[in-house]
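The lines below spell out each chain.
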Amino acid sequence: MSRVLVIGCGGVASVAIQKCCQVSEVFTELCIASRTKSKCDALAEKLEPVTKTKITTAQVDADDVQQLIRLIQEYKPELVMNIALPYQDLTIMDACLACGVNYMDTANYEPENIDDPKWREIYEKRCREEGFSAYFDYSWQWAYKKKFEEAGLTALLGCGFDPGVTQAYCAYAAKHEFDSIDTIDILDCNGGDHGYAFATNFNPEINLREVSAPGSYWEDGHWIEIPAMSIKRDYTFDQVGQKDMYLLHHEEIESLAKNFPDVKRIRFFMTFGQSYLDHMRCLEDVGMLGTAPIQYNGQEIVPIQFLKALLPDPASLGPRTKGKTNIGCIFTGTKDGQPKTYYIYNVCDHQECYREVGSQAISYTTGVPAMCGALMLLTGKWSRPGVYTVEEFDPDPFLDALDLYGLPRSESHAPALVD
Ligand code: NDP
């Protein structure tokens, strides 16, 4: 029924592709295109004997709009799933518009070089006006809203777990559990252990940038920014146990604040072990997280890219990682005039993911929602011209699909709250 082009073939994409191939009646034809075609070929070869989906592969540099346009015109997909890196969001959106094709991704745009003066000028203005200093924000992609509306195309932004499922949980709470929501706490716990002193469980460059940035949260209609890792809480997570967690800036807070303007406070917490934090601080102090090129022995290198080459490939952590993730949202608010609390979350086991698709749970919890988001678009459940985040659509069919395809929800009507 549907022809889909997936761009990227890394940790998250390979899970999403495998899950698409489990739903061959919708994903009848798939083209896997990435910078390194050999990875696409290897995955296609692995999947061909076990799926009815017809898979082809292609090489593409997604930084180059003309290459993308050529590929899209040749393959003629109904949907482009961007599971490359956030750096490519805008070029892929441009190519989709030029070719009249729907778009989706799993993370909002940020530039590869944050020292680019043209980008920096806009960024610094946004920092002053909005009050948060993360390198990524939705403004770049929201600016495409009118163009997608006029073209009659849908762009679905940030359809992984967080962002992604966490926003569907918010839409579900607003639809079914509350008359009004006062606070939202998003809790992302990774209780997995891969046995390395230091490794990131998704793309190191994106992960380290996110974690080393100042934290921020939304309260009473504005952002409050705090030094990185300066708000710490502990929480006892279902099936994982007690963990330290830290308040981070996270992209879905921005869209949730816009789409749920009456919510008084929105925070995001992520768990980290002490070893991870010590290594990160040290790498930052010596300049290894830098994104501006430096000269070394007559050669130009970007410190964070060099670091990426040294660190374990996140895709290789699968066989080593044991334990579970627990990601969800805690709400306070009122229903029928009474105060109410509610917690909705998913628990995912690293080893079970590895047995099913050969990846650890971080790639799995992102790749499955990407497939389910694509399913919503291809089956017409979420089709609406414009640029949208997940909470703007009906959460019910999406959460049903997640229940079915590997990320079932759990809930509590009397959760411990985060102070
Ligand atoms: P990986 O680094 O494992 O994979 C990235 C893939 O994109 C690789 O196949 C890479 O190719 C390809 N790629 C990179 N640059 C280009 C380019 N210019 N042209 C074509 N292909 C390119 O990343 P992950 O799988 O860990 O992450 C994928 C996305 O998922 C990221 O945007 C990340 O931010 C997002 N994410 C979202 C989460 C959520 O919950 N919403 C959670 C985790 C991740 P090559 O092999 O040649 O390098």
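What you are looking at is a predicted structure, and each value in this text was computed from that prediction instead of being measured.

So what exactly am I meant to see when it comes to the site of the ligand here?
Contacts to the ligand come from 28 residues, most closely from Arg-35, Thr-36, Lys-39, Ala-62 and Asn-203. One of the side-chain N or O atoms of Asp-61 is found 3.1 Å from a nitrogen atom in the ligand. When the ligand is considered free in solution it has 940 Å² of accessible area, and contact with the protein chains removes 93% of it. In terms of residue class, the shell around the ligand is made up of 13 nonpolar, ten polar and five charged. Three or more residues apiece are contributed to the shell around the ligand by two domains, here domain 1 (2-157) and domain 2 (165-358).

What's the story with helix α11 (residues 274-285) in this structure? I'm lost.
Between its first and last C-alpha, α11 extends 16 Å over twelve residues, near the 16 Å set by a 1.5 Å rise per residue. For α11, the complete set of buried residues consists of Tyr-276, Leu-277, Met-280 and Leu-283. For α11, the angular spread of the buried residues around the axis is 135°, confining them to a single face. The inward-facing, buried residues of α11 contact α9 (204-212), β11 (241-247) and α12 (303-310). Taken from the residues just after α11, Gly-287 is the one with a positive phi, measuring 90°.

Is there a simple way to think about the state of the cysteines in this case?
Between two cysteines, a covalent bond joining their sulfur atoms is known as a disulfide. According to the stated counting rule, one finds zero disulfides in the structure shown. Distance from the sulfur of Cys-170, which forms no disulfide, to the nearest cysteine sulfur (Cys-329) is 4.3 Å. Cysteine Cys-372 remains unbridged, with the sulfur of Cys-159 as its closest cysteine sulfur at 7.9 Å.

I tried to follow helix α10 (residues 251-259) on my own but got confused; where do I start?
Side chains three or four residues apart in an α-helix point the same way, a direct result of the helix having 3.6 residues per turn. Among the nine residues of α10, seven are classified as buried, and the element is accordingly described as predominantly covered. For α10, the full list of buried residues reads Glu-251, Glu-252, Ile-253, Glu-254, Ser-255, Leu-256 and Ala-257.

In this structure, what is going on with the pairing of strand β5 (residues 102-105)? I would like to understand it.
In summary, the side chains of a regular strand alternate between the two faces of the sheet. Sheet topology note: the strand β4 (residues 79-82)/β5 ladder contains four bridges and is parallel. When the sheet's bridge partners are listed, Asn-82 is paired in β5 with Asp-105. For the crossover that starts at β4, traverses helix α4 (residues 89-99) and ends in the parallel β5, the hand is right-handed. Relative to strand β6 (residues 154-157), β5 runs parallel, the two being bridged by two bridges. In the strand pairing of β6, Met-104 is matched with Leu-156.

Before we go on, may I ask you to explain the environment of Phe-198 in this structure?
With respect to the secondary-structure elements, Phe-198 resides in the loop between β7 (180-190) and α9. A C-alpha to C-alpha distance of 7.1 Å links Phe-198 and Ser-275, two positions 77 residues apart in sequence. Each residue touching Phe-198, except ones within four places of it in the same chain, is listed here: Leu-208, Tyr-276, His-279, Met-280, Leu-283, Leu-311 and Pro-312.

Where do I start with the UniProt feature "domain: Saccharopine dehydrogenase NADP binding" (unreviewed entry) in the protein in this structure?
Within this structure's numbering, the places UniProt gives as "domain: Saccharopine dehydrogenase NADP binding" (unreviewed entry) are residues 4-156. Along residues 4-156, the helical share is 44% and the strand share 19%, with 15 Å between the first and last C-alpha atoms.

Explain the pattern of salt bridges here, please?
Pairing between side chains of opposite charge can happen when their charged atoms approach one another. Across all of its chains, the model carries 19 salt bridges by this definition. In this structure, Glu-110 and Arg-209 form a salt bridge, with 2.7 Å as the shortest nitrogen-oxygen distance. Of this pair, Glu-110 sits in the loop between β5 and α5 (117-130) while Arg-209 sits in helix α9, and the two are 99 residues apart along the sequence. Looking at Glu-110, the relative accessible area reads 3%, which means it is buried. We classify Arg-209 as buried; its relative accessible area is 7%. Taking the shortest distance from any N to any O, the salt bridge between Lys-264 and Asp-182 comes out at 3.0 Å. Of this pair, Lys-264 sits in the loop between α10 and β12 (265-271) while Asp-182 sits in strand β7, placing them 82 residues apart in sequence. A network of salt bridges, in which partner residues are shared, links Lys-175, Asp-394 and Asp-396.

Whenever I open this one, the nonpolar core confuses me. Can you help?
Grouped burial of nonpolar side chains is what soluble globular proteins tend to show. Of all hydrophobic cores here, the largest spans 96 residues; its most connected members are Phe-27, Met-81, Phe-331 and Phe-398. Per element, the largest residue contribution to this core is eleven residues, and it comes from helix α14 (residues 361-378). Three or more residues apiece are contributed to this core by two domains, here domain 1 (2-157) and domain 2 (165-358). In terms of nonpolar packing, the next biggest core, distinct from the first, is built from 30 residues, Cys-31, Val-60, Ile-69 and Tyr-138 among them.

Cut-offs used in this document
Counting from 1, residues in each chain are numbered in the order their sequence is written. Residues qualify for local features only when their pLDDT is at least 70, as the model is predicted, and side-chain atom pairs are given and counted only at 80 or more; totals for whole chains, interfaces and linings, by contrast, use all residues. Side-chain measures here rest on the full set of heavy atoms in the structure, leaving out hydrogens and waters. Definition of nearness: a residue and a molecule or strand are near each other if at least one heavy atom of the residue lies within 4 Å of the molecule or strand. Polar contact criterion, stated in full: a pair of N or O atoms within 3.5 Å, where within protein one must be able to donate a hydrogen and the other to accept it, and residues adjacent in sequence count only if both atoms are side-chain atoms. Accessible surface is estimated by sampling points in the Shrake-Rupley manner with a 1.4 Å probe; for residues, cover comes only from the protein chains shown. Residue polarity follows a fixed list, in which Ala, Val, Leu, Ile, Met, Phe, Trp, Tyr, Cys and Pro are nonpolar, Asp, Glu, Lys and Arg are charged, and the others, Gly among them, are polar. Domain ranges listed in this record stem from an automatic or a database domain assignment. Where helices and strands are cited, they refer to DSSP runs of H or I of at least four residues and of E of at least two residues respectively, numbered from the N terminus. To estimate how far a helix should reach, multiply one less than its number of residues by 1.5 Å. Burial classes: relative accessible area under 20% of the type maximum marks a residue as buried, over 50% as exposed, and values in between as partly exposed (1.4 Å probe, protein chains only). This arc corresponds to the set of directions leading from the helix axis out to the C-beta atoms. Working rule for contacts: check all heavy atoms of both residues, and any pair within 4.5 Å makes them a contact. By definition, disulfides here are pairs of cysteine sulfur atoms that lie within 2.5 Å. For two strands to pair, DSSP has to find at least two bridges joining them. A crossover counts as right-handed when, viewed with the strands pointing away from the observer, the path leading from the first strand over the helix to the second turns clockwise. UniProt positions are given in the numbering used here, feature names are shortened, and annotations may be inferred rather than shown by experiment. A pairing counts as a salt bridge when a side-chain nitrogen of Lys or Arg comes within 4 Å of a carboxyl oxygen of Asp or Glu. In plain words, nonpolar cores are sets of buried Ala, Val, Leu, Ile, Met, Phe, Trp, Tyr and Cys residues tied together by side-chain atoms within 4.5 Å.

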